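Spelled out from the first residue to the last, the chains are:
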Amino acid sequence: MIEIKVVNKGHQLLPAYATPLSAGMDLRANLDQPVVLHPLERRLIKTGLFMALPEGYEAQVRPRSGLALKHGITVINTPGTIDADYRGEIGVCLVNLSQEDFVVNDGERIAQMVIARHEQGEFIVVDELDETERGAGGYGHTGLK
């Protein structure tokens, strides 16, 4: 378990793992008043949380499956990435893909956040790439097997 420094300027509890084997922690809306998301509307919903991740880590913001299935609410830029050097407030870009208005209430669990280790890559220009069985086969290339 890694330590993550956090400032909570909101009035919600800190994100926490629901079970010992959970990968994600729920993020909650930190609102002064409810927000109505109309069909196909997208809004940035604030959480009141600010954090400092250790170098080599990112936080991924992902949809909650229950909101997606039951109400058509998802994170539009999924997964959203929070970099280790970002110090602003964590916001969640929600979109309503249903045909009904959806009300986001204060304290509602709106997304989940997964802390993940990552690497940085360096591009090296070469004249050609090694051959593979797949080669340049693109989307749907492997077909149904």
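A brief look at the structure comes next. (Residues numbered from 1 in each chain as written. Predicted model: local features only at pLDDT ≥ 70, side-chain atom pairs only at ≥ 80, totals over all residues. Heavy atoms only, no water.)

Focus on the overall build of the protein
Part 1 of the argument: Each helix and strand in the protein was counted, giving 1 helix and 11 strands.
Part 2 of the argument: Listing the helices and strands of the protein from first to last along the sequence gives β-β-β-β-β-β-α-β-β-β-β-β.
Part 3 of the argument: Considered along the principal axes of its C-alpha atoms, the protein spans approximately 55 × 40 × 30 Å.
Part 4 of the argument: Split into buried and exposed, the 145 residues of the protein put 34% on the buried side.
Part 5 of the argument: Here the contacts in the protein between residues at least 6 apart in sequence split such that 71% fall between residues at least 24 apart.
Part 6 of the argument: Total accessible area on the protein stands at roughly 10,500 Å², and carbon and sulfur atoms take up 51% of it.
Part 7 of the argument: Charged side chains of the protein number 14 positive and 20 negative; the gap between the two group centres comes to 9 Å. (Helix = DSSP H or I, 4+ residues; strand = E, 2+ residues; numbered from the N terminus. Buried < 20%, exposed > 50% of the residue type's maximum accessible area, 1.4 Å probe, protein only. Contact = heavy atoms within 4.5 Å. Areas by Shrake-Rupley, 256 points an atom, 1.4 Å probe, with all protein chains shown as cover. Lys, Arg positive; Asp, Glu negative; His and termini not counted. Charge placed at Lys NZ, Arg CZ, Asp CG, Glu CD.)

Concerning the sheet that holds strand E8 (residues 80–82)
Through backbone hydrogen bonds, the strands of a sheet pair up, either in parallel or in antiparallel fashion.
Part 1 of the argument: Strand order in the open sheet formed by 4 strands is E2-E11-E6-E8, with antiparallel pairing between adjacent strands. Unpaired on one side and paired on the other, strand E2 (25–28) and E8 mark the two borders of the sheet. Strand after strand, the sheet turns through a mean of 35 degrees between neighbouring axes, direction not considered. (Pairing = 2+ DSSP bridges. Axes fitted to C-alpha atoms, helices over the stretch in contact; angles between N-to-C directions.)

Description of the sheet that holds strand E9 (residues 91–96)
Part 1 of the argument: Overall, antiparallel pairing links the 3 strands, which are arranged E4-E9-E7 in an open sheet. Two strands lie at the open edges of the sheet, namely strand E4 (42–46) and strand E7 (73–75), each paired on one side alone. Neighbour-to-neighbour, the strand axes of the sheet open up by a mean angle of 35 degrees, direction not taken into account.
Part 2 of the argument: Of the strand pairs in this sheet, E7 and E9 are connected by 3 bridges, and their pairing is antiparallel. Counted as the bridge partner of Thr 74 is Val 95 from E9.

What to know about the side chain of Thr 74
Part 1 of the argument: With respect to the helices and strands, Thr 74 occurs in strand E7.
Part 2 of the argument: Apart from the residues lying within four places of it in its own chain, the contact partners of Thr 74 are Pro 63, Cys 93, Leu 94, Val 95 and Leu 97.

With respect to the layout of surface pockets
Unoccupied space between atoms shows up once a probe the size of one water molecule is rolled over them.
Part 1 of the argument: Empty space within the largest pocket amounts to approximately 340 Å³.
Part 2 of the argument: Every residue lining the largest pocket is counted, 16 residues in all, and those nearest its centre are Ile 2, Ile 4, Tyr 17, Met 25 and Ile 115.
Part 3 of the argument: Of all the secondary structure elements, the ones that give two or more residues to the lining of the largest pocket are strand E5 (49–52) and strand E11 (109–117).
Part 4 of the argument: By residue class, the composition of the lining of the largest pocket is 15 nonpolar, no polar and 1 charged.
Part 5 of the argument: In this structure, the second largest pocket spans a volume of roughly 160 Å³.
Part 6 of the argument: Lining of the second largest pocket is provided by Leu 53, Glu 55, Gly 56, Tyr 57, Glu 58, Asp 83, Ala 84, Asp 85, Arg 87, His 118, Glu 119 and Gln 120. (1 Å grid on protein atoms, 1.4 Å probe; cavity = no way out; pocket = protein on both sides within 12 Å on 5 of 7 lines; lining within 4 Å. Points joined across faces, edges and corners; volume = space filled by probe spheres on them. Nonpolar A, V, L, I, M, F, W, Y, C, P; charged D, E, K, R; others polar.)

Some points on the environment of Thr 132
Part 1 of the argument: Here Thr 132 shows up in the segment after E11.
Part 2 of the argument: In terms of polar contacts, Thr 132 uses its side chain to reach the backbone amide nitrogen of Gly 135, at 2.9 Å. (Polar contact = N/O pair within 3.5 Å; in protein donor to acceptor, adjacent residues only side chain to side chain.)

Here we look at unusual backbone geometry
Part 1 of the argument: For the bond from Thr 78 to Pro 79, the omega torsion is -10 degrees, close enough to zero to count as cis.
Part 2 of the argument: Inspection of the secondary structure puts Pro 79 in the loop between E7 and E8.
Part 3 of the argument: One non-glycine residue with positive phi stands out, namely Leu 40, at about 65 degrees.
Part 4 of the argument: By the element assignment, Leu 40 lies in the loop between strand E3 (35–37) and E4.

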